[in-house]
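Below are the chains, spelled out letter by letter.
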Amino acid sequence: MRYLLDYQEGERVVGFCLVKSKEAGVASNQSEYLNLELGDRSGTIMAKLWDVNAEIKEAIQVKAVVKIDAVVQSYRGKKQLVIQRIRPASPADEVVMESLIPISPIPPGELWGKLESVIHSLQSKTLQAILLEAISDSEIGERLRQYPAGVKMHHNYYHGLLEHIVSLLTAAERLLPLYPQVDRDVLYATCILHDIGKLYELSDPIAPDYTTPGQLIGHLVMGVEIVTGICRKLGIPLGDAEVLHLKHCILSHHGEVENGWGSAVSGKTPTAVLFHYLDQIDSKMNAIGQTLSDMGEEEWEYANVLRRKVWRGY
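As the structure is a computational prediction, the values presented were derived from the model and not from experiment.

A. How the structure looks around the overall build of the chain. In terms of regular secondary structure, the chain is built from 11 helices and 7 strands. In terms of its C-alpha atoms, the chain occupies a principal-axis envelope of roughly 65 × 45 × 35 Å. The proportion of buried residues among the 314 residues of the chain is 47%. For the chain, the proportion of contacts with a sequence separation of at least 24, taken over those separated by at least 6, is 56%. Only carbon and sulfur atoms are counted for the fraction: they give 52% of the accessible area of the chain, which is about 16,100 Å². With 31 positive and 40 negative side-chain charges, the chain shows a spacing of 2 Å between the two charge centroids.

B. Fine view of the nonpolar core. Grouped together as the largest cluster of nonpolar side chains are 50 residues, with contacts concentrated most on Leu115, Leu144, Leu169, Leu187, Ile192 and Leu193. Elements supplying a minimum of two residues to this core: α2 (108–121), α3 (125–136), α4 (138–144), α5 (160–175), α6 (184–193), α9 (219–234), α10 (241–251) and α11 (270–293). Excluding its chain neighbours within four sequence positions, the residues that come into contact with Leu115 are Ile135, Leu144, Leu162, Ile165, Leu169 and Ile192. Val13, Leu38, Val66 and Ala70 belong to the second largest nonpolar core, which has 20 residues in total.

C. A look at the side chain of Asp282. Topologically, Asp282 is positioned in helix α11. Here Asp282 is buried and forms no salt bridge, its nearest opposite-charge partner Lys198 lying at an N-O distance of 10.0 Å. Side chain to side chain, Asp282 and Ser167 meet in a polar contact 2.5 Å long. Sequence-distant contacts of Asp282, defined by excluding residues within four places in its chain, comprise His155, His164, Ser167 and Leu168.

D. Looking closely at the pairing of strand β4 (residues 65–75). Direction of pairing for strand β1 (residues 12–26) relative to β4: antiparallel, over a ladder of 7 bridges. By the bridge assignment, Val14 is partnered in β4 with Asp69. Summarising the sheet, β4 and strand β5 (residues 78–88) pair through 10 bridges and their orientation is antiparallel. Bridge pairing links Ile68 to Ile86 in β5.

E. Quick peek at the side chain of Glu163. Tracing the chain through its elements places Glu163 in helix α5. Of the buried charged residues, Glu163 lacks a salt bridge, with Arg41 as the closest side chain of opposite charge at 12 Å. In this view, Glu163 contacts Ser104, Pro105, Ile106, Leu111, His155, Tyr157 and Asn286; residues no more than four positions away in its chain are not counted.

F. Local environment of the sheet that holds β1. Spatially, β1-β2-β3-β5-β4 is the arrangement adopted by the 5 strands of the closed barrel, whose pairing is mixed. Here the average twist between neighbouring strands, direction ignored, is 50°.

Analysis parameters
- Residues numbered from 1 in each chain as written.
- Predicted model: local features only at pLDDT ≥ 70, side-chain atom pairs only at ≥ 80, totals over all residues.
- Heavy atoms only, no water.
- Helix = DSSP H or I, 4+ residues; strand = E, 2+ residues; numbered from the N terminus.
- Buried < 20%, exposed > 50% of the residue type's maximum accessible area, 1.4 Å probe, protein only.
- Contact = heavy atoms within 4.5 Å.
- Areas by Shrake-Rupley, 256 points an atom, 1.4 Å probe, with all protein chains shown as cover.
- Lys, Arg positive; Asp, Glu negative; His and termini not counted.
- Charge placed at Lys NZ, Arg CZ, Asp CG, Glu CD.
- Core = buried A, V, L, I, M, F, W, Y, C linked by side-chain atoms within 4.5 Å.
- Salt bridge = Lys/Arg side-chain N within 4 Å of Asp/Glu carboxyl O.
- Polar contact = N/O pair within 3.5 Å; in protein donor to acceptor, adjacent residues only side chain to side chain.
- Pairing = 2+ DSSP bridges.
- Axes fitted to C-alpha atoms, helices over the stretch in contact; angles between N-to-C directions.

Right, dumping it as structure tokens:
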């Protein structure tokens, strides 16, 4: 099976894809057109649909599955689609949703097994209880197996957040012997819960956008609210030292407040400081890896996560 990014300039594309974004415009001849961002498992590509009418504009909505007949063209050095025909998918098409969205290359069952193994290895019964309660919650557990870690920046694919968590746990496990001043159990708990608020900051795992609570509160504070709710349910004192430390690591994991990256407080413990840098390494390396894999034959490409071009000439 071929996906959107498998096609080369001049080739015809006939198949199903997901509408990720839609923007209407007016051409010089006063006819309307649509700029669409279309996606499937291979990634996303921009597409142009000329001479649209009101019926088409209404039928083609963001998050809709559509069938297209298009031609690949090159525009400013990048591939784009020029759509000849388009229609919404119907139930009779029996489209498999997993074919329409990027997905982690690591099976979710394998990732979940690693997650549970780490939780059961904790010496702290308090943190272990909080984590087991979190992942046993049916809604949290289901979302954690599906949601990306973000809309665009890193691990932005199906069960990408779970992959990010396990990657952090692996990195933490390897670095802990070098830094005995770091609290092992709090570090592991932070790896697992630092982005738990994203399960509610983001709208869905298929074509995620930011929810109203996500925009007004943000996932760091939402994550701490989840931890607080679990502690109250389990009767764990909110003043417990490990609970306070875990919350501090969550609230500070975007780095120093002065950076303006969203932390509520700057890291004040070795564990909080180390986790911030672990998170930075994993998120940025994933994003750069995606940029490099999407570059094709290009030597340079702009990486949004770094806000600069990256080189693949080595």
